[in-house]
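Spelled out, the chains give:
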Amino acid sequence: MRRKLAAGNWKMNGSSAALAELSALAAPADCTVVICPPAPLLFRAAEIGAENSLHIGAQDCHHENGGAFTGDVSAPMIADAGASYVIVGHSERREACNERNRDVRAKAKATWAAGLTAILCIGESLEDREADNTLDIIAGQLSGSVPNGATADNLVVAYEPIWAIGTGKVPTLDQIKEVHDFIRAELTERFGATVANDISLLYGGSVKPGNAAEIFQAENVDGALVGGASLKADDFNPIIAALAAS
Ligand code: PGA
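Residues numbered from 1 in each chain as written. Predicted model: local features only at pLDDT ≥ 70, side-chain atom pairs only at ≥ 80, totals over all residues. Heavy atoms only, no water.

## Regarding the overall build of the chain
Phase 1 of the analysis: Helix and strand counts for the chain stand at 11 helices and 8 strands.
Phase 2 of the analysis: Taken over the C-alpha trace, the chain has a radius of gyration of 16 Å; the compact-globule value for 246 residues is 18 Å, and the two agree within 12%.
Phase 3 of the analysis: Principal-axis analysis of the C-alpha atoms gives the chain an extent of 45 × 40 × 35 Å.
Phase 4 of the analysis: Of all 246 residues assigned to the chain, the portion counted as buried reaches 51%.
Phase 5 of the analysis: When contacts within the chain are restricted to residue pairs at least 6 apart in sequence, those whose partners lie at least 24 apart make up 72%.
Phase 6 of the analysis: For the chain, the computed accessible surface area is about 10600 Å², with 50% contributed by carbon and sulfur atoms. (Helix = DSSP H or I, 4+ residues; strand = E, 2+ residues; numbered from the N terminus. Rg over C-alpha atoms; globule rule 2.2 N^0.38 Å. Buried < 20%, exposed > 50% of the residue type's maximum accessible area, 1.4 Å probe, protein only. Contact = heavy atoms within 4.5 Å. Areas by Shrake-Rupley, 256 points an atom, 1.4 Å probe, with all protein chains shown as cover.)

Here you go:
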């Protein structure tokens, strides 16, 4: 069974006081709700999440388990803090930190080795979209970033068009459908229908309470990766409720 999943990416926002928002989130029985706060908040977030049926994720990890990597955090450390998910390959890291597909693949592997689920992000730039290259970019990111051995337990794929992140611009429902159907087909070709049908595919990029229900109408959209609107329970709860109702 494919999971309905709503994931909140707090990015570099939040504080210990902001963790009060977690207690105000309502996680329906048939939806997995994941909050990905900054690394210093993971441990406490996992404690609060456990009391509130929430899952906690990190926003990145190093591909090595430990060693002389000043400033980095490894997947086993994230697991030890009580988290169960890691976002890998977010476009902000692909761009600002120069992460390439092979780096994302190594991070996903490290995530799996630590027993965690990777929320692996892919998405085209506005330039790629305008040049009609979207599906080629998506195919390349999927084949380059997703390691062999993907299962519905260890992988969630998030389609996030870069031009839709934090901009208030959202693709049309047909554009979202086209890419999500394509991702499902690519995963089916590589991992077989049994595995691919159960992998949750999230849409991300300016998801808000006002547009979530429409986005969740698409058959191969199983949830959302939400940035800005995940910071406040008052914004995230209606998105979760729209997913539950979809
Ligand atoms: P946004 O961010 O919802 O603020 O557009 C989404 C993301 O970057 O995951």
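Read on for the rest.
## A word on the site of the ligand
Phase 1 of the analysis: Near the ligand, the surroundings consist of 13 residues, among which Lys11, His90, Glu160, Gly166 and Ser206 are the closest.
Phase 2 of the analysis: Residue Gly166 places a main-chain N or O atom 2.7 Å away from an oxygen atom belonging to the ligand.
Phase 3 of the analysis: Here Gly227 contributes a backbone N or O atom positioned 2.8 Å from an oxygen atom of the ligand.
Phase 4 of the analysis: Against a free-state accessible area of 280 Å², the protein chains account for coverage of 97% of the ligand.
Phase 5 of the analysis: In the shell around the ligand, the residues fall into 4 nonpolar, 7 polar and 2 charged. (Near = heavy atom within 4 Å. Polar contact = N/O pair within 3.5 Å; in protein donor to acceptor, adjacent residues only side chain to side chain. Nonpolar A, V, L, I, M, F, W, Y, C, P; charged D, E, K, R; others polar.)

## Details of the pattern of salt bridges
Phase 1 of the analysis: As enumerated under the stated definition, the model contains 12 salt bridges in all.
Phase 2 of the analysis: Where Glu47 meets Arg44, a salt bridge forms, and the shortest distance between an N and an O atom there is 2.9 Å. With a gap of 3 residues between them, Glu47 and Arg44 both fall in helix α2 (residues 42-51), about one helical turn apart.
Phase 3 of the analysis: A relative accessible area of 43% means that Arg44 is categorised as partly exposed.
Phase 4 of the analysis: Between Arg129 and Glu124 there is a salt bridge; the shortest N-O distance is 3.0 Å.
Phase 5 of the analysis: With relative accessibility at 15%, the residue Arg129 sits in the buried group.
Phase 6 of the analysis: Note on Glu124: relative accessible area 0%, which makes it buried.
Phase 7 of the analysis: Put simply, Asp60, Arg93, Glu99 and Lys107 are held in one network by salt bridges that share partners. (Salt bridge = Lys/Arg side-chain N within 4 Å of Asp/Glu carboxyl O.)

## So, a negative patch on the surface
Phase 1 of the analysis: A surface patch of like charges, here negative, comprises Asp132, Asp136, Asp174, Glu178, Asp181 and Glu219.
Phase 2 of the analysis: Broken down by element, the residue count for the negative patch peaks at 3 residues, all from helix α8 (residues 173-191).
Phase 3 of the analysis: Looking at the element boundaries, Glu178 is found in helix α8. (Patch = residues over 30% accessible without salt bridge, like charges linked within 9 Å, V, L, I, M, F, W, Y side chains within 5 Å. Lys, Arg positive; Asp, Glu negative; His and termini not counted. Charge placed at Lys NZ, Arg CZ, Asp CG, Glu CD.)

## Side note on α8
Phase 1 of the analysis: In this model, α8 (19 residues) spans 26 Å end to end at C-alpha, consistent with the 27 Å of a helix rising 1.5 Å per residue.
Phase 2 of the analysis: Turning to α8, its buried residues are Leu173, Ile176, Val179, His180, Phe182, Ile183, Arg184, Leu187 and Phe191.
Phase 3 of the analysis: Phi for Gly192, located one or two positions after α8, is positive at around 90 degrees. (Expected span 1.5 Å × (residues − 1).)

## Quick notes on the nonpolar core
Phase 1 of the analysis: Ranked by size, the top nonpolar core spans 68 residues in total, and within it Leu22, Val157, Ile183, Leu187 and Phe236 carry the most contacts.
Phase 2 of the analysis: With near-sequence residues (within four places) excluded, Phe236 lies in contact with Ala6, Ala7, Gly8, Leu25, Val33, Ile35, Val226, Ala229 and Ser230.
Phase 3 of the analysis: One finds Ala7, Val34, Ile87 and Ala158 within the second-largest nonpolar core, a separate group that totals 12 residues. (Core = buried A, V, L, I, M, F, W, Y, C linked by side-chain atoms within 4.5 Å.)

## Some remarks on the packing of helix α5 (residues 101-113) against helix α7 (residues 134-145)
A pair of packed helices is characterised by two quantities: the angle between their axes and the separation of those axes.
Phase 1 of the analysis: Contact pair α5 / α7: the axes reach a minimum separation of 8 Å and the direction vectors enclose 45 degrees. In this view, α5 runs oblique relative to α7, as classed from their interaxial angle. Judged by residue contacts, Asn101, Arg102, Val104, Arg105 and Ala108 of α5 engage Gly140, Gln141, Ser143, Gly144 and Ser145 from α7.
Phase 2 of the analysis: By residue class, the composition of the contact of α5 with α7 is 2 nonpolar, 6 polar and 2 charged. (Axes fitted to C-alpha atoms, helices over the stretch in contact; angles between N-to-C directions. Parallel < 35°, antiparallel > 145°, perpendicular 65-115°, else oblique.)

## Overview of the pairing of strand β8 (residues 223-226)
In regular strands, side chains alternate between the two faces of the sheet.
Phase 1 of the analysis: Of the two faces of β8, the one carrying Gly223 and Leu225 and the one carrying Ala224 and Val226 are both buried.
Phase 2 of the analysis: Where strand β1 (residues 4-9) meets β8, 4 bridges bridge the pair, whose relative direction is parallel. What sits directly across from Ala6, in β8, is Ala224.
Phase 3 of the analysis: Note that strand β7 (residues 200-204) and β8 share 3 bridges and pair parallel. Looking at β8, one finds that Tyr203 is bridged to Ala224. (Pairing = 2+ DSSP bridges.)

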